[in-house]
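Structure assessment
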Amino acid sequence: MSNELAKTLLAELERIVLIDPHTHINPRAAASKTLADIMGYHYYTELAHSSGMPKERIEEPGLDPKAKVGRLVEYLDRLDNTIQVNWLVQLCRKFFGFQDDRITPQNWEKLYDNAAHKMAEPDWEDQCLKQSGIEQVFLTNDFDDPLTGFNTQRYIPCLRTDDLVFHLAKPEVRKRLAAATNIEFTNTSTLKDAIGKLFTHFVKHNVKACAISIPPWFSPRNPGLHEVRAPLQKILANDPLTFDEQARVSEFVFWTLAEYCAEHHLPFDLMIGVNRRVYPNGVYQGQDLFDQRVSLIQYQDLFNAFPTVTFPVSVLAQISNQELVSYAWIFPNVVTNAHWWYSNIPTYITTDCRARLEAVPRNKQIGYYSDMYKLEFAWPKFQMYRQCLSRVLAEDFVIGRGWTEAEALALGRQVLRGNVETIFGMKNG
Amino acid sequence: MSNELAKTLLAELERIVLIDPHTHINPRAAASKTLADIMGYHYYTELAHSSGMPKERIEEPGLDPKAKVGRLVEYLDRLDNTIQVNWLVQLCRKFFGFQDDRITPQNWEKLYDNAAHKMAEPDWEDQCLKQSGIEQVFLTNDFDDPLTGFNTQRYIPCLRTDDLVFHLAKPEVRKRLAAATNIEFTNTSTLKDAIGKLFTHFVKHNVKACAISIPPWFSPRNPGLHEVRAPLQKILANDPLTFDEQARVSEFVFWTLAEYCAEHHLPFDLMIGVNRRVYPNGVYQGQDLFDQRVSLIQYQDLFNAFPTVTFPVSVLAQISNQELVSYAWIFPNVVTNAHWWYSNIPTYITTDCRARLEAVPRNKQIGYYSDMYKLEFAWPKFQMYRQCLSRVLAEDFVIGRGWTEAEALALGRQVLRGNVETIFGMKNG
Amino acid sequence: MSNELAKTLLAELERIVLIDPHTHINPRAAASKTLADIMGYHYYTELAHSSGMPKERIEEPGLDPKAKVGRLVEYLDRLDNTIQVNWLVQLCRKFFGFQDDRITPQNWEKLYDNAAHKMAEPDWEDQCLKQSGIEQVFLTNDFDDPLTGFNTQRYIPCLRTDDLVFHLAKPEVRKRLAAATNIEFTNTSTLKDAIGKLFTHFVKHNVKACAISIPPWFSPRNPGLHEVRAPLQKILANDPLTFDEQARVSEFVFWTLAEYCAEHHLPFDLMIGVNRRVYPNGVYQGQDLFDQRVSLIQYQDLFNAFPTVTFPVSVLAQISNQELVSYAWIFPNVVTNAHWWYSNIPTYITTDCRARLEAVPRNKQIGYYSDMYKLEFAWPKFQMYRQCLSRVLAEDFVIGRGWTEAEALALGRQVLRGNVETIFGMKNG
């Protein structure tokens, strides 16, 4: 019974047109051109590499897109159990007329050609969005992105700040900051000014969120200016910083960002828990992992200091979900945000979604974002989430608590769409 | 099939009359008088606040009870997904003739009046206990509670010791201790004497447990007296203590409590993992959270040093459940104790209950306590637990392992009722 | 429907003849002789002790085997809920004609005698393996095991290295090392030589893996020789070492083992997270527990430094499973290895198996090992795993993703058997 009911609810949830509140889409090249764009997604290259494919075969310079796909396909039979390959097969079936259940050395070339043909249609981007039921897509913009040359009503700017917080010691980052703001900062005050100019620029271009990904060891605090001044001068002198000195600068920049979020009424997306370059010999974008020994208690000062800033929080470690549920249940400004990266598989989505729906106010849950790099992935990733969500709605709410289907669907609609509008202040929802 | 079977088992489990082994009931005002007493439970105020209700609206001084309920009801539509609001609706349906599925601005006043009428009946307390299937209720008594003016056979005293362990540096705590014991302690020896007098007093009044809630950083040890003397003198002089000095005093008092538990054959309830006042601007009792980076390895010395003391252990972080299962599986004196606070939602109860029933001796599991402040909550909270338990018994034991329903129900009865009697030494079980 | 399907798949999975890739079998006395050998398994003694049985009753010197079983049986009614007692009953039913559902003071003697009679048959070892569907069994060999006197094609040697890494400071360990290698090491260089001789010896005798269990605090690194020299001289002088000095020696020996694994193309089984002797008054082998605050980030250097060594990783804390999934998804040389000890119960196996099948390449998953001390346990333990696995295959793959039963079974076969062959380089698979 619950399976049938879940399918009924799923069919209804599929009809909701969505806003995707976090992606890495390049708005100037949003859709794929070949299957190589699609299978170049780090999930496939890293899993193929992990399963035994040499990195050199994947990242050979000048490799022809079709040849690259052919090579990756050789390893798909080692990965066909993964949900990531399931996304791939499902999207090929939906968009490219693929009819098989597996992509193999026998059938991939035809698929490649069919896909290339489809994606060559001039309105493929529009078609893909339409078929995917997506009308707006949040971006991940470098702080010095000019934000021109694309429709900021469809592709919503989001100010990504990892470089500012964690890499200000790199001369090229400071150069980019100076170029973007016309301010060569020399102290904490002018650094603040420069960051403020970034916000002004982004706000002018319809920015709807500030965002950052954060390593497990980081704990936001408002450092004394006397703690920051010396490290900042070392940076300006290109002297190497100790770990602690770098942390002081990171804290200062982070706190400054939160202040500007308050000033501009911008939500600040926190993506908590990633260690970068744990496996430096991994493929491109397949090098990051995590340390699950992290706690939201590290964010206590931040959440208390900025009651007017909404913090949509994503956690990388699945075990952090209970803390996220509990902090969102207590702090008015903490919101649960989707299922991120290593937690983005049905086993963990289902448990985490279930707990959130049981204990977090319904207006404080952003159900899902795709995190995609190419538009074709919105549909299979949201579909995976919708399947988990419809199962939880069927089992826990309709069967478990006697809700009507309409009531359950209203809850589903709110976490899938409604809350994205209210939390990020979308006007056209 | 499993759904039907679970319902059958549930119906049988509902017939078991229970002892609630941990609550915050005031035995001199155990039942509610109005819906404001019920909706004043911190779950509703903190969730309403989290969902957007200003604290000032909730905690306005002198606010009329009915007006307060009316205000909270305005926010219930943001919370109706939560299991906590489900408790509320269920208890209103059970006790107050409420027939709707939601409490709304349209129907709340009638419910308020009906409930007030019902609760004004002189025997409401008895009726509520009877309808709830509860015959004895453990309390949470301040160490200086006179324990008079109520029936200690129905309301079982429990010596709560947080103040002694963590707040002895506060002059008012020491004043209360002196008043309760007629001992103004001046050193470790007289402090021990004073604590001993508390135990004597409580034992005389049918105490069945000593209890404490503990922050994640605390690790019980038996400190050398030389480590405790100086901090204790500082306390007596009202000098401020360092974190380490306070920890030495906490360790000493904690260890002393365990010694008296051994002497008096009292179980020592440990509720592990809460950080107090993480969100100091939260509503009353809605300010505490946790840091999941805690381990029962911190209790190794304690469990080894007191083999004759039974430690019913509750953990706040759900991820601690596997450690709890494993420590209860190995240590004869460690007992699993219910599902506490942020872990007390069906998603986590079900998993945790399942693991315990698979790996902990059946005589070492206390299934549930309500943790309630008002009697009306025993029924919906135990009902939530019974639903989880009956599902696990149906799926894992009857279907999975071929147990008879009678065998499964005997296991359910033992964790719901039998173990409370044996572990806390109840005579009238 | 999913229950029926799971049963169908289970029946097929039961037909696969297996290699058990980790046990503690003594190949010179592999099978049990009486029920005392079987019920002497630490699971039964530690659970009986935990449930209230005095240690002295269990470990009385000179206790007759039958009397010991009689004593343990008195406590089984406190443990009959546990999955471990379920193993016991199931194996008695399968091997010894036991027809009841519980072992009781009434029926145990007949069972004891029947079992003894059966196990006295001269080919019981062969019968047991055959009935269990096991054809090869990995051992856990002390580093100074002569590896003679048994069939190393059936009982596959595995070099266990805990003593070398963590107990080299004990004179008896060094004495055993000298006796096994004819090298009395005097410095890092000759210590390396001695360890090298162990590998040569084991490789000559068909070793298929090196293995170690590791406490949560340990973090492998390649220490500078200057850090190791002084601690090593202290060891040779039988001087006590500080914790840090011991850690340097452990790091050095560990790193040396990994180097020899690379040289000899041996997988290095890592069993991560156990604290030894947490409960020193526990029964034999019932004293170890864990601290879940551990991360695979501690193994970052190791995984990067030895890309040619395969590391089958087992984790003791269930919460470590997501890290294990993620590290196996990214690192080509990290493989998921079974469900270890306190994580080896159906609740955790099911979740962990589900997550692995969703996100780790299928050629990098070792489904299960029995960890048994006596042959009779392979069947009930693998059976428990097969039940979990068949349920996941039914629900997630056949029903959830539309796989054929044949496809699902091929996946099951690969994690149960195929990967053991490929990962450990078995020739006769």
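Here we summarise the structure given alongside this text. (Residues numbered from 1 in each chain as written. Chains lettered and ligands numbered in written order. Predicted model: local features only at pLDDT ≥ 70, side-chain atom pairs only at ≥ 80, totals over all residues. Heavy atoms only, no water.)

Tracing the backbone through its elements, the reader meets A:Arg362 in the loop between helix H16 (346–359) and strand S11 (365–366). Take A:Arg362: its relative accessible area is 8%, and that puts it in the buried class. Non-local contacts of A:Arg362, meaning those with residues more than four positions away in its chain, are made with A:Trp403, A:Ala410, A:Leu411, A:Gln414, A:Val415, A:Asn419, B:Asp77, B:Arg78, B:Asp80 and B:Asn81. (Helix = DSSP H or I, 4+ residues; strand = E, 2+ residues; numbered from the N terminus. Buried < 20%, exposed > 50% of the residue type's maximum accessible area, 1.4 Å probe, protein only. Contact = heavy atoms within 4.5 Å.)

What follows is about the packing of helix H6 (residues 83–96) of chain A against helix H17 (residues 378–401) of chain A. Residues and elements named next belong to chain A. As a packed pair, H6 and H17 sit with axes 8 Å apart at the nearest point and diverge in direction by 120°. In terms of axis orientation, H6 runs oblique to H17. The handedness of the crossing between H6 and H17 comes out as right-handed. The segment H6 lies against H17, with Ile83, Trp87, Gln90, Leu91, Lys94 and Phe95 engaging Trp379, Pro380, Lys381 and Met384. Along the lines of polarity and charge, the residues of the contact of H6 with H17 split into 7 nonpolar, 1 polar and 2 charged. (Axes fitted to C-alpha atoms, helices over the stretch in contact; angles between N-to-C directions. Parallel < 35°, antiparallel > 145°, perpendicular 65-115°, else oblique. Left-handed = near helix turned anticlockwise from the far one by under 90°. Nonpolar A, V, L, I, M, F, W, Y, C, P; charged D, E, K, R; others polar.)

A few words now on the interface of chain A and chain B. Listed per partner, the contact involves 39 residues of chain A and 40 residues of chain B. Carbon and sulfur atoms make up 54% of the surface buried where chain A meets chain B, a total of about 3,200 Å² over both sides. By the criterion of area lost to chain B, the three top residues of chain A are A:Gln322, A:Trp329 and A:Ile330, representing 25% of everything that side buries. One can count 2 salt bridges joining chain A with chain B. For A:Glu407, the salt bridge identified is with B:Arg102, shortest N-O distance 3.0 Å. (Buried area = accessible area lost by both parts, 1.4 Å probe. Salt bridge = Lys/Arg side-chain N within 4 Å of Asp/Glu carboxyl O.)

You can overlay chain A on chain C at an RMSD of 0.0 Å; the transform is a turn of 120° with a shift of 0.0 Å along its axis. These values place the two chain copies in the arrangement generated by a three-fold rotation axis. Of the interface residues in chain A, just 8% have counterparts in chain C that sit at the interface too, so the contact is made through distinct surfaces. (Least-squares fit on C-alpha atoms with pLDDT ≥ 70 in both.)

Another aspect to go through is the sheet that holds strand S1 (residues 18–20) of chain B. Residues and elements named next belong to chain B. Strand order in the open sheet formed by 3 strands is S1-S2-S3, with parallel pairing between adjacent strands. Unpaired on one side and paired on the other, S1 and strand S3 (155–156) mark the two borders of the sheet. In this sheet, strand S2 (residues 134–138) lies alongside S1 in parallel orientation, the contact comprising 3 bridges. Counterpart to leucine 18 in the pairing with S2 is isoleucine 134. Taken strand by strand, helix H18 (residues 405–423) contacts S1 and S2, and its axis lies near 65° from that of S1. (Pairing = 2+ DSSP bridges.)

A word on the side chain of B:Lys364. Inspection of the secondary structure puts B:Lys364 in the loop between helix H16 (346–359) and strand S11 (365–366). Buried B:Lys364, no salt bridge; nearest opposite-charge side chain is C:Glu46, N-O distance 11 Å. Among the polar contacts made by the side chain of B:Lys364, one reaches the main-chain carbonyl oxygen of B:Phe331 at a distance of 2.6 Å. In this structure B:Lys364 touches B:Ala328, B:Phe331, B:Pro332, B:Val334, B:Val335, B:Thr336, B:Asn419, C:Ser50 and C:Ser51, once residues within four positions along its chain are discounted. (Lys, Arg positive; Asp, Glu negative; His and termini not counted. Polar contact = N/O pair within 3.5 Å; in protein donor to acceptor, adjacent residues only side chain to side chain.)

Here we come to the interface of chain A and chain C. Taken together, the 40 residues of chain A in the interface contact 39 residues of chain C. Contact between chain A and chain C buries roughly 3,200 Å² in total, counting both sides, with carbon and sulfur atoms accounting for 54%. Applying the counting rule to chain A against chain C returns 2 salt bridges. Put simply, A:Asp80 and C:Arg362 hold a salt bridge, and the shortest N to O gap is 2.7 Å.

Each copy superposes on the other: chain A lies on chain B with an RMSD of 0.0 Å after a rotation of 120° and an axial shift of 0.0 Å. Of all interface residues in chain A, a mere 8% are interface residues in chain B too; the two copies therefore contact each other through different surfaces.

Once that is clear, we can look at the pairing of strand S10 (residues 334–337) of chain A. Residue and element names in this part refer to chain A. Residues Val334 and Thr336 of S10 are buried on one face, and the alternating residues Val335 and Asn337, pointing to the opposite face, are buried as well. With 3 bridges joining them, strand S9 (residues 311–315) and S10 adopt parallel strand pairing. Opposite valine 313, over in S10, you have threonine 336 as the bridge partner. In this fold, S9 hands off to helix H15 (residues 321–330), which returns the chain to S10; that crossover is right-handed. Sheet topology places S10 next to S11; 2 bridges connect them, and they run parallel. Paired with asparagine 337 across the strands is isoleucine 366, a residue of S11. Traced from S10 through H16 to S11, the parallel crossover comes out right-handed. (Right-handed = clockwise from strand over helix to strand, strands pointing away.)

Next up on the list: helix H10 (residues 171–181) of chain C. All names here are of chain C. Along H10, the residues classified as buried are Val173, Arg174, Leu177, Ala178 and Thr181. End-on, the buried residues of H10 take up no more than an arc of 135°, which puts them together on one face. Across from the buried face of H10, at angles greater than 90 degrees, the exposed residues are Lys175 and Ala179. Along its buried surface, H10 packs onto helix H9 (162–166), helix H11 (188–204) and helix H12 (225–236). Looking one or two places after H10, you find asparagine 182, whose phi comes out positive at around 60°. (Arc of directions from axis to C-beta.)

To continue, consider the state of the cysteines. Residue and element names in this part refer to chain B. Within this structure, the stated rule accounts for 0 disulfides over all chains. Counting only cysteine sulfurs, cysteine 353 is the nearest neighbor of cysteine 388, a cysteine outside any disulfide, at a range of 7.4 Å. Relative accessible area serves as the criterion here: at 6%, cysteine 388 is assigned to the buried category. (Disulfide = S-S within 2.5 Å.)

So, to be careful, I would describe these as geometric facts and stop short of saying anything about function.
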